[in-house]
Amino acid sequence: MVLLQRPHILLLLIDTHQFLQCWIAFGSANEEGQQQEEFSEELLVKPLPDHKLLAHFHFQSSAPPSTSNGCHHHLFPKAISQLVQKFRVKEMELSFTQGRWNYESWGGFDPISSSNAKPPGVELWAVFDVPQHHIDASWKNLTHTLSGLFCASINFLESTATYSTPEWSFPPASGNVRYGTLPCEAVCTENLTPWLKLLPCRDKAAIALLLDRPSLYRGFYHSQRLHLTSTESSSEGIDSGIILEQTLTVVLQPNSERAIEVHASEKHVQPSWSLSSIFGKQVSGRCVLAKSSSVYLLLDRGLVAELKFPNKENGKSAANGLTSENFWSNPSFELSVNPDRIFLEESSSHSKSLSILYMFQVEKYSESEPFDIGLMWKVPVAWLCQQTPLHASRFFMGSGNERGAIAISLKSTQFTEGFMSANSKDGSCELRVDVFQVVPWYVKVYFHSLRVFVDQQPRAVSDFIEKIHVSPSKDKMSPGVMEVVLKLPCRVNTAALTIEFDKGFLRIDEYPPDANQGFDIPSAIISFPNFHASMVFLEDDSLNRSPLLSKFQEKCPVMSYTEVLLVPLTTPDFSMPYNVITIKCTVFALYFGSLLNVLQRRVAEEERFLKAKAAKKTGRLPLLLSKLSAKLRGRRREPLHSPPSSSSFINSKLVLKVILVAGLAVGWQYFFS
Amino acid sequence: MEKLKKKIGSFSFWNWVIASIIFRLILIYFPKNLNLSSRPEVSTPLTSFRRLAEGYWLKQSSMSSYAGSMYHGSPLLLSLLGPLTVKRIEGQPNHLLYSLVSVIADVVSAMLIRATGQNLRLAYLRSLESLDLVKQIDVSEFLFSGDIAALIYLCNPFTIVACVGLSTSPIENMAVILCLYGACSRLIPLAAFGWVIATHLSLYPAILIIPVIFLLGCGPDSPPRKLFLQRHQQKEVLNQSKLPPGFSWGPIIHFAFWAFLWSVYVLVLCGISLKQFGGLWEMFKSTYGFILTVEDLSPNIGVLWYFFAEVFEFFRNFFLIVFHVNILFMILPLAIRLRHRPCYLAFVYVAICSMLKSYPSVGDSALYLGLLGWFVNELADMQFSLFLFCGYVGVSLLSPVMHNLWIWRGTGNANFYFTTAMVYACLQIVLVVEGISAVLNHDRKLRILITGKPQDAKS
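All values reported here derive from a predicted model rather than from experimental measurement. Sequence order as written defines the numbering, with residues in each chain counted from 1. For naming, the first written chain is A and the first written ligand is 1, with later ones following in the order written. Only residues with pLDDT of at least 70 get local features here, since the model is predicted, and only at 80 or more are side-chain atom pairs given and counted; chain-wide, interface and lining totals rely on the full set of residues. Excluded from the side-chain calculations are hydrogens and water; all other atoms, namely the structure's heavy atoms, are used.

On to the overall build of chain B. Secondary structure counts use DSSP, requiring at least four H or I residues in a row for a helix and at least two E residues in a row for a strand, with both numbered from the N terminus. Counting its secondary structure elements, chain B contains 20 helices and zero strands. For chain B, the C-alpha radius of gyration of 23 Å lies close to 23 Å, the compact-globule estimate for 459 residues. Along the longest, intermediate and shortest principal axes, the C-alpha atoms of chain B span 75 × 50 × 50 Å. In chain B, which comprises 459 residues, the proportion classed as buried is 60%. By definition in these notes, contact holds between two residues if any of their heavy atoms fall within 4.5 Å. Looking at chain B alone, contacts between residues at least 24 apart form 76% of all its contacts between residues at least 6 apart. Within the structure as shown, chain B displays about 18600 Å² of accessible surface, and the carbon and sulfur contribution to it stands at 69%. The sign given to each residue is positive for Lys and Arg and negative for Asp and Glu; His and the chain ends receive no count. Charge positions are represented by NZ for Lys, CZ for Arg, CG for Asp and CD for Glu. Each charge class in chain B was averaged separately, 35 positive and 24 negative side chains, and the resulting centres sit 4 Å apart. With the radius of gyration taken over C-alpha atoms, the globule rule is written as 2.2 Å times the number of residues to the power 0.38. Exposure is judged per residue with a 1.4 Å probe applied to protein chains only, and the accessible area is read against the type maximum: over 50% gives exposed, under 20% gives buried, and values in between give partly exposed. Only the protein chains shown count as cover for residues, and all accessible areas are computed by the Shrake-Rupley method using a 1.4 Å probe.

What follows is the structure, encoded as structure tokens:
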């Protein structure tokens, strides 16, 4: 509460109008022990094995249940809270990603990769707290709102052909989930700026100051994410506390110029970096509205094992004790700033070595003395990040534009080997893998052609697939969804799922402007529900724990996304519509005309017979008319009444026709209006 | 072509039948079925074997077989043929039993065609006799049209491809032939059954009700009734026994009763199998609805797919109506002009439908080409027969090439393939038009022989 006071005083100064309310809120918070609106910002930096650097920005705002302070917010973005209240969003995640997370070298078994590695483009899922039949309407409105908020074409997710309803394989298992992706969406600063606008300090102070656009978008991977959870506090469900979690994960190449300078012998030395060298900016000052703002440096398990800290054996005692200098004075690297605190991971179940987290408090630094952490490597280090149990990749099989097959292949990684050896005592060791795959309707999947290959041998589907849920695609209506639970033996080396499909043929105006580029098939989600990526760090005061670290402690299942596939579809000739219409209609005219001609053709004898018949029977009127005309020519005056009669006869016929047509037109108009 | 037919006719009929069956069996044993089952000429969205298998899989996993837009066939077909789509015999290909069923269906159809053809020939000879034209027309030159039609049906490459390519069209064709056979040999329940099943399977045979009514009402094909009257006027004796019977309503009411009975039966069966999945409405929507609103635009040998891929959305409904009405428009004129030849009328209807239907395949062409064999005697002096023969051969060779260029190699474009489809449609138009004109001329010739006015012999 002491920490909180300063921002509130500032707010009071800025907005005297809210004085009373805020005070009451503050008082109530004191009395009931309720939380105030909070904002905290954190940055985590982690060196990656392939000479790259991961920077993970984590901004968290939370708003207490709205009964305590109405619909006014001090820190929390109003747009988001309105959105939550309007559409009754229980949980939502929106991510904009460019680039592909490299699971092999950047790891897949830590909280950062399993919850922040996202498929390219836009991914959106939301859980709604509305009756079942209102969900689709809420989803539609939500996509439009988000599309406006983030300047992205999220509104394309509105049509039922683009989003799906995962039944149980998607992590927030519930019937009210909607999931949609736009793999081809280009992500750029226009999406970042509205995202930053949700932060109380925008990008004007503290950690957010580092978000320098050119250096961010120069990176190998860039993913901005917005996660929203609203927890209901009362049974009515009207008021809810909202937690908004905004993360930005970038993978950057630190300082390539200096890498060239180093000697050939020192090529394997990791590049040294500092915040100012990567982002071109320094953290100066703090965001006064933030409860905490800190920077972390994470050395992951593999790296720590390689570095051989002096007293690793009794590491636990050292972490508990306050004398932990020996963790940062290591012969292989040097930190430019002394860390404020050092956290050591509690024992993890899947790995022997433990990761180390250095914490730097940004509050201590001011504009005159900006914060800039740097890391200087002295000796070459090589390590591997902890990978997912099975490495998943997906590819197409077959050629041509008529049909093909999608294959999802799972390969064992070094992790599985370790896991297998650990669990080799009990023979019935099984690895559960959930596969969630959405295919657009123009990829017409034959679900009966699902095949399972284990260790490159075709096996019976029922032996390895424990559960399968399929919702086949409807043309232009809904995408095909396949959810499979695989039970693989732990000793498996490779496993593959293949499924055949036919490529659809679209109408000419259903193709995008660049039709020959192909169509994207969204990533499949491979998750391992038996494995949880979590890092538990020992913290002394559990009251005031950092949101990032508590996020790390959450047990989220390990999941990875496969590649986005690009399927080329056959195109019709886009310049042909008129030609096709005219040629086709010509053929129909040929058919109709020639057939009718044959049916009513008479040969000479029949014609004569008909003529005679016509002259006898029905030829009276023309005969009369010809007689009349002859008479008219001969004697003009005599039959005065006949010409008008004949003309009136013609006129009445004409009038009848006109009335008929007009009636039809009126009827048509009436019927269709 | 005529010589060829004669040769076939003189040859032992059964040898040819057995040869064609053996040929089919050999083709079936080829690995992967020669990839015929995925050819667009053979498997349309309605007749595809893979879609049937998908529908069966969905049904087995307790989902509606119409969930998704894969399967568009009848639920009865799914219950009968579905179990054959999965592996039954160890060590044999999956589709073996299914292909054997297709072969049997083909043979049965051929036998029915033969029986009907013989029936028609006898009726024709009888009517010639009653017209006293036996002396003028050399009856010995008369071909056994039943045998020829059956052999055309069995040895036609189109039929073989449709049979080996695992499409459901052999079954659909069998239903149509069953209907015509039943009507010709006055087995009214059988005719009604054939008609109901054929309509249920592919909708278009519904218009065969008109030829069936004529067949039941006045008997099989004969020269126009007027000729008989003229003949008897000339001879000044009115021999009632030699006149063909007039239109009788009895069998038609009988037929309507049976058709009603069978359709109720079929609908009840469908309703039972679809009870928990949306019922009959769902079935009509995804079978007949799918046929009428041309939703699937994958290429086939018809002309509608490319048209609807290219036409503007705004006009789509208009053109859908225009193209379907084109079939309906021709029903009445043809029925008036060819009412004395109901079997020929049925042939013309089948040909028109297979030309204008939304998802045609070679199986449909095989049916009308087989039926064409019934009328070898009437069509003896048809024009352009060599041109048509060459055209069919040319199109059936060029069409796979163009498809390959477009889809597999990517060197051609859709227009290449569409051109062959247009040419094919034109060939069918010429066949129908020339066929009708030849039959009308044949009737004229008969009348001239009766009235004895040789100066009007030229048509």
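Residues and elements named next belong to chain B. Relative to the helices and strands, valine 212 resides in helix H10 (residues 209-218). Owing to a relative accessible area of 0%, valine 212 belongs among the buried residues under this scheme. Discounting residues that sit within four places of it in the chain, valine 212 has contacts with Cys179, Ala183 and Phe255.

Residues and elements named next belong to chain A. The criterion for strand pairing is that DSSP finds at least two bridges linking the strands in question. In space, the five strands of this open sheet follow the order E20-E21-E17-E24-E25, with antiparallel pairing throughout. The strands lining the two open edges of the sheet, one partner per strand, are strand E20 (465-471) and strand E25 (556-561). Each strand of the sheet is rotated relative to its neighbour by a mean of 20°, with strand direction disregarded. Across six bridges, strand E24 (residues 525-533) lies against E25 in antiparallel orientation. The partner of isoleucine 526 across the bridge, within E25, is serine 560. Where helices are involved, their axes are fitted lines through C-alpha atoms of the stretch in contact, as for all axes, and angles between N-to-C directions lie from 0 to 180°.

As used in this record, nonpolar core signifies buried Ala, Val, Leu, Ile, Met, Phe, Trp, Tyr and Cys residues forming a set joined through side-chain atoms within 4.5 Å. Ranked by internal contacts, the top residues of the largest apolar core, which has 140 residues, are Phe308, Leu334 and Ile436 of chain B. No other element matches helix H20 (residues 414-451) of chain B, which puts 16 residues into this core. Once you skip the residues sitting within four places of it in the chain, leucine 334 of chain B turns out to touch Leu599 of chain A together with Arg339, Leu345, Val348, Tyr349, Ile352 and Ile436 of chain B. Counting 86 residues, the second largest nonpolar core, distinct from the first, contains Val84, Phe128, Leu199 and Leu289 of chain A.

At cysteine 151 of chain A, a position not held by glycine, the phi torsion is positive, near 50°. In this structure, cysteine 151 of chain A sits in the loop between helix H6 (135-150) and strand E5 (163-164). Looking at cysteine 151 of chain A, the relative accessible area reads 43%, which means it is partly exposed. The backbone of leucine 203 of chain B sits at a positive phi, close to 60°, despite the residue not being glycine. Mapping leucine 203 of chain B onto the fold places it in the loop between helix H9 (188-202) and H10.

So, about helix H19 (residues 385-409) of chain B. Residues and elements named next belong to chain B. Compared with the 36 Å implied by 1.5 Å per residue over 25 residues, the 35 Å span of H19 between its first and last C-alpha is a close match. Residues of H19 that are buried: Leu388, Gly391, Tyr392, Val395, Ser399, Met402, His403, Trp406 and Ile407. Just past H19, the residue glycine 410 takes up positive phi, approximately 75°. Here, expected helix span is obtained from the residue count minus one, scaled by 1.5 Å.

Right, let's talk about the sheet that holds strand E15 (residues 390-397) of chain A for a bit. Across the sheet, which stays open at both edges, the five strands sit in the order E15-E16-E22-E18-E19 (chain A) with antiparallel pairing between neighbours. One side of each edge strand has no neighbouring strand; the edge strands of this open sheet are E15 and strand E19 (457-459) of chain A. If you compare each strand with its neighbour and ignore which way they point, the axes differ by 30° on average. Bridging between strand E16 (residues 403-412) of chain A and strand E22 (residues 494-503) of chain A involves nine bridges; their strand directions are antiparallel. Bridged to arginine 403 of chain A within E22 of chain A is aspartate 502 of chain A. On top of the sheet, helix H3 (residues 49-60) of chain B reaches E16, strand E18 (443-454) and E22 of chain A; it is set at about 75° to E18 of chain A, its chief contact.

The next subject is a nonpolar patch on the surface. Residue and element names in this part refer to chain B. Patch construction takes residues with relative accessible area above 30% that form no salt bridge. Like charges are linked within 9 Å, and nonpolar side chains (Val, Leu, Ile, Met, Phe, Trp, Tyr) are linked within 5 Å. One speaks of a salt bridge when a side-chain nitrogen belonging to Lys or Arg is within 4 Å of a carboxyl oxygen belonging to Asp or Glu. Nonpolar side chains collect at one region of the surface, where Phe257, Phe260, Leu261, Val264, Tyr265, Val268, Leu269 and Ile272 lie side by side and expose about 730 Å² of accessible area between them. When you line up the elements, leucine 261 lands in helix H12 (residues 250-273). Under the relative-accessibility criterion, leucine 261 is labelled partly exposed at 37%.

So, on to the domain arrangement of chain A. Residues and elements named next belong to chain A. An automatic or database domain assignment supplies the start and end points of every domain. Domain annotation for chain A reports domain 1 (41-257 + 270-308 + 326-377) and domain 2 (390-419 + 426-539 + 548-567). With 45 residues of domain 1 at the interface, the matching set in domain 2 holds 43 residues. Linking domain 1 with domain 2 are one salt bridge. Across the pair lysine 551 and glutamate 245 runs a salt bridge whose closest N-O atoms are separated by 3.2 Å. In protein, a polar contact requires one atom able to donate a hydrogen and another able to accept it; more generally it is a pair of N or O atoms within 3.5 Å, and residues adjacent in sequence count only if both atoms are side-chain atoms. One can count seven residue pairs in polar contact (both at pLDDT 80 or more) joining domain 1 with domain 2. Elements with a minimum of two residues in the side of domain 1 that touches domain 2: strand E1 (38-47), strand E2 (53-63), helix H4 (103-106), helix H5 (111-116), E5, strand E6 (177-182), strand E10 (292-299) and strand E12 (341-344). Considering only residue class, the side of domain 1 that touches domain 2 consists of 22 nonpolar, eleven polar and twelve charged. Side-chain classes are defined by residue name, with Ala, Val, Leu, Ile, Met, Phe, Trp, Tyr, Cys and Pro counting as nonpolar, Asp, Glu, Lys and Arg as charged, and the others, Gly among them, as polar.

This paragraph deals with the interface of chain B and chain A. If you look at the interface, chain B gives 64 residues, while chain A gives 52 residues. Both faces considered, chain B and chain A share a buried interface measuring about 5400 Å² in area, 64% of it formed by carbon and sulfur atoms. Buried area counts how much accessible surface, traced with a 1.4 Å probe, disappears from two parts once they are put together, with both parts' losses summed. When the buried surface of chain B facing chain A is broken down by residue, Arg50, Glu310 and Trp408 of chain B rank first, second and third, together holding 13% of it. At the junction of chain B with chain A, the criterion picks out four salt bridges. The salt bridge partner of arginine 50 of chain B is aspartate 502 of chain A, with a shortest N-O separation of 3.1 Å. There are 16 residue pairs in polar contact (both at pLDDT 80 or more) connecting chain B and chain A. In terms of residues, the side of chain B that touches chain A owes the most to one element, H20 of chain B, which gives 14 residues.

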